[in-house]
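Here are the chains, one letter per residue:
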Amino acid sequence: MDKTSIMLSRRTFIKNASFAGGGLLLSFNWLASCKLTPEESAALPKEWFKLNGFIKIGDNGLVTIMSPNPEGGQNVKTSMPMIVADELDVDWQSVIVEQAPLDTESFSFQFLGGSQAIRRGWNGLRIAGATARHMLKTAAANEWQVPVDEVTTAAGMLYHESTGKSVGYGDMASAAAQQPVPEKVQLKDLSEFNIIGTSQKNVDALKIVTGKPLFGSDTKVEGMLTAMIIHPPAFGQKLKSFDATVAKSMPGITDVFSLKVLNDDYVRQHFDTCTFLEVIAIVGNSTWEVMQAKKAVQAEWEPFDTYIEDRMTFGGSSFSSTVPSGLENTADHEAILKQMVDQNGTIERKDGNPERAFREAVKVIERTYSAPFLPHNCMEPMNFFANVTSDSAELKGPLQKPELTEHAISERLGIPIEKIDIQMTRLGGGYGRRSYAHWLIEAALISQKMQSPVKLIYSREDDMTGGIYRPMYQATFRAGLDADNHLIAFHVKAGGIPESPLYANRFPAGAVDNYLAESWSSNSNISIGSFRAPRSNFMASAEQSFLDEVAEAAGKDPIAFRLELLDRAKNNPVGENNDYDADRYAGVLKLVRERSGWNDSDTNRKRGVAAYFCHNSYAAQVLELEVEEDMPVVQKVTCAIDCGIVINPDAGTNLVEGGIVDGIGNALFGKLTFKDGVPQKNNFDRYRMIRMTEAPKEIDVHFVQNDIDPTGLGEPMFPPIFAALANALYKATGTRKYHQPFL
């Protein structure tokens, strides 16, 4: 297939780049500058040549690399271009990074979630860089009349050793863009990497700390209106009527109206969760004016009836769920959890004869763990810019899964997908909350009605009380030990409102002869969705807390006990569907044991350990604390991670540190309750978040060094910290923690 040469003048390039990700001067890594001097500006290329969807090379050798996936703090905007740049064999200091728009023809899986960006992009990013390098080599070989295999590259230069010829990428970019795209390319050997595995600064760092526009909230367009919404105050309610007479007469207000987010006959896709299907929109000239008018709207709400919601999964299969009527209460939810302790669930896996093994066990330990609903509380509340005309839509804002949003927005607006342009801004926090794009649809519908560009802004109260939450969970564990303190039976029954957190084939499945896993769920009209490391964030807490207690009952060291089980899973596994690699799992435990000094002789240290596998990677943590005035003071967390090849070690360390602090905060304080369907906390004056002084005094991160392709990092370090904290608290206080939050 031939690739057409695309030439962009400096003026055209600046114009095209100005809307994407905040402008052309997004990230000059070589200057780390927010404003170019006249000399630096003169250094910009006069023409750019596009070699593929990822790469543009300027006539002076500067390289623009597109970062395809949304950036939410996980640093993919730096790490993904690093992969391309390494295979391209360019000097990283000559790279400009630009946030790509949604472009399903050029890119695949433009997605933030599941720790998938680097894992799924690894081969494609490498191929993009290697393909461009091959095209440059071919162009040079043709000009020099030498075999292409004799042309070598290094730091943005092309060389032919025997003739002594050399040329920069910029001088060969025009000819390279005319070359056919090769069907196959040779990727670098891992030992040849020059950029991958080195620590590079975040390309947005200076703009972040100096407050330059990067986020959706920063969007400003001439003639833009501001909008806010009012949603029902309680889950289980819908809009009955409203009176906006006073609000419409207030200064700066252009209109107040209701809108339906999704049509009644729309079959929702996987991430089309929408809490309230009809909301009131207030539109005006400024945020302050709209906020004041919002208070003046008189709305009446009424209960909705039970209904069936049809959905489609990732794989294209359909399913239905029941959304019950009624105003729910936390007390009722807790009663359901209590009732389910003694009821059977649906058997998801059964090995051996667990019933008989429990009857024959010398010791049986049974414990129940629970966790409440949690809001995401992104620091930047939901927002989106929309400019919808009669036949097109221009959208810009923070969104985790734009590729999975096109269908819903196209159907609702009645505009073909190819006429919809979604631009991605940096996310001011995501954690799963921005996977669900109802606010994008709201912004687009408001713009369509107003026939004007609009920026929709949620208040903190709108966001915290409007869903979409981490579900309420419970898990009951039983373990049976024989006379020699060997684990001979294991039973887990896990469920939640409204979904179960169970992973039936995870550790210690495969390490116990007699194993039983059951699940259950109870419907609710409180909408839920992905929360950092979905389901794993609870199951790791419960499972790893329980394993510590079983180890104590068996008289064994907690790490040695886990390694004993993993040795069984490696050498003589039970069943064939175990979804973890026992060697890699044991590897992080051994590494954290070594680096934390676990085996030292000081028995007074209050330490807890936990390890977990999720999102294709392995994490183990040792947390050490002291209790001062009834409050835990975390002294140190040692963390070992096996996520395959680490692209940017400093960035990876930062990501792990953030996940650990986030997990400790949720474990200690996170909780959202409901009374008659109304969330009982709506802002940070009532919802307790971790404070800077409560973060660990030291976090020591270690990556397992191997040649495994990257397997994901954004989420795997998050789940085990809950249990490491709980186990350390037990050492310090003598009291086990069974229910979140711990304080």
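Presented here is a report on the structure given in the accompanying data block. Starting afresh in each chain, residues are numbered from 1 along the sequence in its written order. In keeping with the model being predicted, local features are shown solely for residues with a pLDDT of at least 70 and side-chain atom pairs are shown and tallied solely at 80 or more, while totals for entire chains, interfaces and linings include all residues. To obtain the side-chain values, all non-hydrogen atoms of the structure were used and water was disregarded.

### A few points about the overall build of the protein
Phase 1: Strands are runs of DSSP state E lasting at least 2 residues, helices are runs of H or I lasting at least 4, and numbering of each runs from the N terminus. Secondary structure summary: the protein contains 18 helices and 30 strands in total.
Phase 2: Against the globule reference of 27 Å for 743 residues, the protein gives a C-alpha radius of gyration of 28 Å, in line with a compact fold.
Phase 3: For the protein, the spread of C-alpha atoms along the three principal axes comes to 80 × 75 × 50 Å.
Phase 4: The buried label applies to any residue whose accessible area, calculated with a 1.4 Å probe on protein chains only, is under 20% of its type's maximum; exposed applies above 50%, and partly exposed to all values in between. A burial count over the protein gives 58% of its 743 residues as buried. What the globule rule says is 2.2 Å times the number of residues to the power 0.38, and the radius of gyration is computed from C-alpha atoms.

### Some details on the packing of aromatic side chains
Phase 1: Stacked, tilted and edge-to-face are the three classes assigned to paired rings of Phe, Tyr and Trp, where Trp is represented by its six-membered ring and a pair needs centres within 6.5 Å; plane angles under 30 degrees give stacked, over 60 edge-to-face, the rest tilted. Under the criterion given, the structure shown has 24 aromatic pairs.
Phase 2: Look at Phe-54 and Phe-107: their rings are 4.9 Å apart centre to centre, the planes differ by 80 degrees, and that puts the pair in the edge-to-face class. Placement of the pair is Phe-54 in the loop between strand E2 (47–52) and strand E3 (55–58) and Phe-107 in the loop between strand E5 (95–99) and helix H4 (117–144), with a sequence separation of 53 residues.
Phase 3: Pairing Phe-373 with Phe-674 gives two aromatic rings, centres 5.4 Å apart and planes at 85 degrees, and the pair type is edge-to-face. Of this pair, Phe-373 sits in the loop between strand E17 (363–371) and strand E18 (383–388) while Phe-674 sits in strand E28 (residues 674–675), and the two are 301 residues apart along the sequence.
Phase 4: Judged by its relative accessible area of 1%, Phe-373 is buried.
Phase 5: For Phe-674, a relative accessible area of 4% gives the class buried.
Phase 6: One aromatic cluster in this structure is built from Tyr-369, Phe-477, Phe-490, Tyr-515, Phe-546 and Tyr-738.
Phase 7: Above the ring of Tyr-503, the side-chain terminus of Arg-506 is found at 3.6 Å from the ring centroid. Here, over-ring charges are defined by two tests on the NZ atom of lysine or the CZ atom of arginine: distance to the ring centre within 6 Å, and angle to the ring normal within 35 degrees.

### Structural notes on unusual backbone geometry
Phase 1: In this model, Gly-467 is joined to Ile-468 through a cis peptide bond whose omega is 5 degrees.
Phase 2: By the secondary structure assignment, Ile-468 is in the loop between helix H13 (460–465) and strand E22 (472–481).
Phase 3: Residues Gln-740 and Pro-741 are joined by a peptide bond in cis, for which omega reads -5 degrees.
Phase 4: Examined against the element boundaries, Pro-741 turns out to sit in the segment after helix H18 (719–733).
Phase 5: The phi torsion at Asp-89 lies on the positive side, around 70 degrees, for a residue other than glycine.
Phase 6: Mapping Asp-89 onto the fold places it in the loop between helix H3 (76–88) and E5.
Phase 7: Within the chain, Asn-377 stands out as a residue other than glycine whose phi angle is a positive 55 degrees.
Phase 8: You can see Asn-377 is positioned in the loop between E17 and E18.
Phase 9: A residue is classified by how much of its surface remains accessible, and Asn-377, at 7% relative accessible area, is buried.

### A few points about the packing of helix H17 (residues 649–669) against H18
Phase 1: For the pair H17 and H18, the least separation of the axes is 8 Å and the interaxial angle reads 55 degrees. The orientation of H17 with respect to H18, classified from their angle, is oblique. When the axes of H17 and H18 are compared, the crossing they make is right-handed. In contact with Ile-660, Gly-663, Ile-664, Asn-666, Ala-667 and Leu-668 of H17, H18 contributes Ile-721, Phe-722 and Leu-725. Lines fitted to the C-alpha atoms define the axes, with helices restricted to the stretch that makes contact. Angles between their N-to-C directions range from 0 to 180 degrees. Note on angle classes: values under 35 degrees are labelled roughly parallel, values over 145 roughly antiparallel, values of 65 to 115 roughly perpendicular, and the remainder oblique. In a left-handed crossing the near helix is turned counterclockwise from the far helix by less than a right angle, and in a right-handed crossing that turn is clockwise. Any two residues whose heavy atoms approach within 4.5 Å are treated as being in contact.

### Overview of the side chain of Ser-452
Phase 1: Relative to the elements of secondary structure, Ser-452 occurs in the loop between helix H12 (438–450) and strand E21 (454–457).
Phase 2: Those residues within four positions of Ser-452 in sequence are excluded, and the remaining contacts are Gly-223, Leu-225, Ala-386, Asn-387 and Ser-447.

### Here's the deal with a nonpolar patch on the surface
Phase 1: On the surface, Leu-206, Ile-208 and Val-209 cluster together into a nonpolar patch covering about 250 Å² of accessible area.
Phase 2: Structurally, the position occupied by Val-209 is in helix H6 (residues 205–209).
Phase 3: Taking relative accessible area as the criterion, Val-209 reaches 65% and is therefore assigned exposed. Only residues whose relative accessible area exceeds 30% and that form no salt bridge are eligible for patches; like-charged ones are grouped when within 9 Å, while nonpolar side chains (Val, Leu, Ile, Met, Phe, Trp, Tyr) are grouped when within 5 Å. Accessible surface area values rest on a Shrake-Rupley calculation with a 1.4 Å probe, where residue burial reflects the displayed protein chains alone. By definition, a salt bridge exists where a carboxyl oxygen of Asp or Glu is found within 4 Å of a side-chain nitrogen of Lys or Arg.

### Structural notes on the sheet that holds strand E24 (residues 514–521)
Phase 1: One open sheet accounts for five strands, arranged E16-E24-E23-E22-E17; its pairing is mixed. The strands lining the two open edges of the sheet, one partner per strand, are strand E16 (346–351) and E17. Direction aside, the axes of adjacent strands within the sheet are offset by 10 degrees on average.
Phase 2: In short, DSSP must find at least two bridges between two strands for them to pair. One ladder, built from five bridges, connects E16 with E24; its direction is antiparallel. Residue pairing for E24: Lys-350 is matched across the bridge by Leu-516.
Phase 3: Running over the sheet, helix H14 (residues 536–553) touches E17, E22 and strand E23 (487–497) and is turned about 25 degrees from E22.

### Points about the environment of Ser-519
Phase 1: Mapped onto the secondary structure, Ser-519 falls in strand E24.
Phase 2: The class for Ser-519 is buried, based on a relative accessible area of 12%.
Phase 3: For the pair Ser-519 and Leu-440, spaced 79 residues apart in sequence, the C-alpha to C-alpha distance is 34 Å.
Phase 4: Discounting chain neighbours no more than four positions away, the residues touching Ser-519 are Gly-345, Thr-346, Glu-348, Ala-494, Ser-500 and Leu-502.
Phase 5: Reaching out from Ser-519, the side chain makes a polar contact with the side chain of Glu-348 at a distance of 2.7 Å. We call two N or O atoms a polar contact when they sit within 3.5 Å, provided that within protein one can donate a hydrogen and the other can accept it, with sequence-adjacent residues counted only if both atoms are side-chain atoms.

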